[in-house]
Amino acid sequence: MSFANAQHHSQDKDLSYDHLASGLKEALENDKSVFDADRLQKFTGPQLRKVLKWPRQLPLEDERIRLLHEVGFELERSFGGKASNLVESCGKSAAKLVATVTSLFPGFRDHSLYKGHQVFLYKRAQIFAADLYGAFKGRGYGEFKDIGSITIFADYIVPAVLQQLGVLKYSSTLGSMIKSDTEILSGSEEEVELRACSIFAVEKMRDLLRVKSGKQVLSIELDLWLWAFGVRCPSLQHHRTLSIYY
């Protein structure tokens, strides 16, 4: 399962994706059963900090632990404790995998109410499918006949890159909030617009690339390019949101 990442406050600027990923990888290399379903259900905050070699309380730590318990419980209840069984149950369909994950694991239900409309973004459920596709090179557990149905993974880097490239334009109010590091609440109109407009923009870019070059480009490939561009740009200013959905 994709780890329940949370964007951080300034005092936790060192807690990056690489920090989390390397901690999880090292934990698995040291103990192959560390993330088994039964053990996930018993994790505590201090245990998770130890796994990640993090010296203080994690952002949204209680919520992270609740999500780990939730994942372990549902894997054990519905899939014999194995994430591989979850993947196999979806018949090589990324869309079905996303639907199954968001249906059975409430912590992956990344949707918001925006001006009376429900908006479904499903970043972490989609990146689960995309990570499998990338890790297994489109074969085995990573073989999906509909990988093109996966959109970009809307969090905080891609909107900032799109703004820098001139694809997105911020209102003066939003621009000031981002420049001053003002926290933008999860599920607020500003946050939903930043994420949803980024998805729409990249789908338009994908369509344009297909027309101009005659080649099919996956949204997940564009996402990787934009994300890689963003993380190499230390001056890039992105919005600040404390969320379990990033």
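Structural data are supplied above this passage.
Residues numbered from 1 in each chain as written. Predicted model: local features only at pLDDT ≥ 70, side-chain atom pairs only at ≥ 80, totals over all residues. Heavy atoms only, no water.

Chemist: Which parts of the structure should I look at to understand unusual backbone geometry?
Modeler: When glycine is set aside, most residues are seen to have a negative phi, and most peptide bonds are trans. With phi around 50 degrees, Tyr122 is a residue other than glycine that occupies positive phi space. By secondary structure assignment, the location of Tyr122 is in the loop between strand E2 (117-120) and helix H7 (123-135). The class of Tyr122 is buried, set by a relative accessible area of 18%. In the Ramachandran plot, Asp181 falls in the positive-phi region, its phi being about 60 degrees despite a non-glycine side chain. Assignment of secondary structure puts Asp181 in the loop between helix H9 (172-179) and helix H10 (189-213). (Helix = DSSP H or I, 4+ residues; strand = E, 2+ residues; numbered from the N terminus. Buried < 20%, exposed > 50% of the residue type's maximum accessible area, 1.4 Å probe, protein only.)

Chemist: Sorry, what's going on with the pattern of salt bridges here?
Modeler: Once the charged atoms of two side chains with opposite charge are near each other, the side chains can pair. Under the criterion given, the structure shown has 13 salt bridges. Between Glu74 and Arg77 there is a salt bridge, with its nearest N and O atoms 2.9 Å apart. One end of the pair, Glu74, and the other, Arg77, are both in helix H4 (residues 61-79), 3 residues apart, so they sit about a helical turn from each other. What makes Arg77 exposed here is its relative accessible area of 58%. For Glu191, the salt bridge goes to Arg195, with nearest N and O atoms at 3.8 Å. Of this pair, Glu191 and Arg195 both sit in helix H10, separated by 4 residues, roughly a single helical turn. Overall, Glu191 belongs to the buried group, its relative accessible area being 1%. (Salt bridge = Lys/Arg side-chain N within 4 Å of Asp/Glu carboxyl O.)

Chemist: Quick question: what am I supposed to make of a nonpolar patch on the surface here?
Modeler: On the surface, Leu165, Val167, Trp225 and Phe229 cluster together into a nonpolar patch covering about 370 Å² of accessible area. Given the relative accessible area of 41%, Leu165 is considered partly exposed. (Patch = residues over 30% accessible without salt bridge, like charges linked within 9 Å, V, L, I, M, F, W, Y side chains within 5 Å. Areas by Shrake-Rupley, 256 points an atom, 1.4 Å probe, with all protein chains shown as cover.)

Chemist: Sorry if this is basic, but what is going on with the packing of helix H8 (residues 157-164) against H10 here?
Modeler: In the contact formed by H8 and H10, the axes pass within 9 Å of each other and the chain directions differ by 60 degrees. For the element pair H8 / H10, the angle class is oblique. Crossing hand, H8 versus H10: left-handed. Residues Val158, Pro159 and Leu162 of H8 lie in contact with H10, whose contacting residues are Leu194, Ser198, Ala201, Val202 and Met205. (Axes fitted to C-alpha atoms, helices over the stretch in contact; angles between N-to-C directions. Parallel < 35°, antiparallel > 145°, perpendicular 65-115°, else oblique. Left-handed = near helix turned anticlockwise from the far one by under 90°. Contact = heavy atoms within 4.5 Å.)

Chemist: Looking at this model, I keep getting lost on the nonpolar core. Mind explaining?
Modeler: Generally speaking, a soluble globular protein has its nonpolar side chains buried in company with each other. The biggest cluster of nonpolar side chains holds 40 residues, and the ones touching the most others in it are Phe43, Leu52, Leu86, Leu97, Val101 and Ile150. Elements that contribute at least two residues to this core include exactly helix H1 (17-30), helix H2 (37-40), helix H3 (45-52), H4, helix H5 (83-88), helix H6 (94-104) and H7. Residue contributions to this core peak at 6 residues, all from H7. Core analysis: the second largest hydrophobic core is formed by 25 residues, Tyr156, Ala160, Val192 and Ala201 among them. (Core = buried A, V, L, I, M, F, W, Y, C linked by side-chain atoms within 4.5 Å.)

Chemist: What exactly am I supposed to notice about the packing of H8 against helix H11 (residues 219-231) here?
Modeler: Pairs of packed helices are described in terms of their axes, by the angle between the two and the distance that separates them. Two elements in contact, H8 and H11, have axes separated by 9 Å at closest approach and are oriented at 80 degrees. Taken together, the axes of H8 and H11 are roughly perpendicular relative to one another. Contacts between H8 and H11 pair Ile157, Val158, Val161, Leu162 and Gln164 from the former with Asp223, Leu226, Trp227, Phe229, Gly230 and Val231 from the latter. Here the contact of H8 with H11 is composed, by residue class, of 8 nonpolar, 2 polar and 1 charged. (Nonpolar A, V, L, I, M, F, W, Y, C, P; charged D, E, K, R; others polar.)

Chemist: Just to check I follow, could you spell out the side chain of Asp146 for this structure?
Modeler: In this fold, Asp146 is placed in the loop between H7 and H8. Of the buried charged residues, Asp146 lacks a salt bridge, with Lys145 as the closest side chain of opposite charge at 5.7 Å. A polar contact is formed between the side chain of Asp146 and the backbone nitrogen of Ala95, at a distance of 3.3 Å. Once residues lying within four places of it in the same chain are set aside, the contact partners of Asp146 are Lys92, Ser93, Ala94 and Ala95. (Lys, Arg positive; Asp, Glu negative; His and termini not counted. Polar contact = N/O pair within 3.5 Å; in protein donor to acceptor, adjacent residues only side chain to side chain.)

Chemist: Is there a simple way to think about the side chain of Glu74 in this case?
Modeler: Under the relative-accessibility criterion, Glu74 is labelled buried at 4%. In contact with Glu74, not counting residues within four places along its chain, are Phe79, Leu104 and Phe105.

Chemist: Can you help me understand the environment of Ala99 in this one?
Modeler: Considering the arrangement of structural elements, one finds Ala99 in helix H6. Classification of Ala99 as partly exposed rests on a relative accessible area of 43%. Linking Ala99 and Ala125, residues 26 residues apart in sequence, is a C-alpha distance of 8.3 Å.

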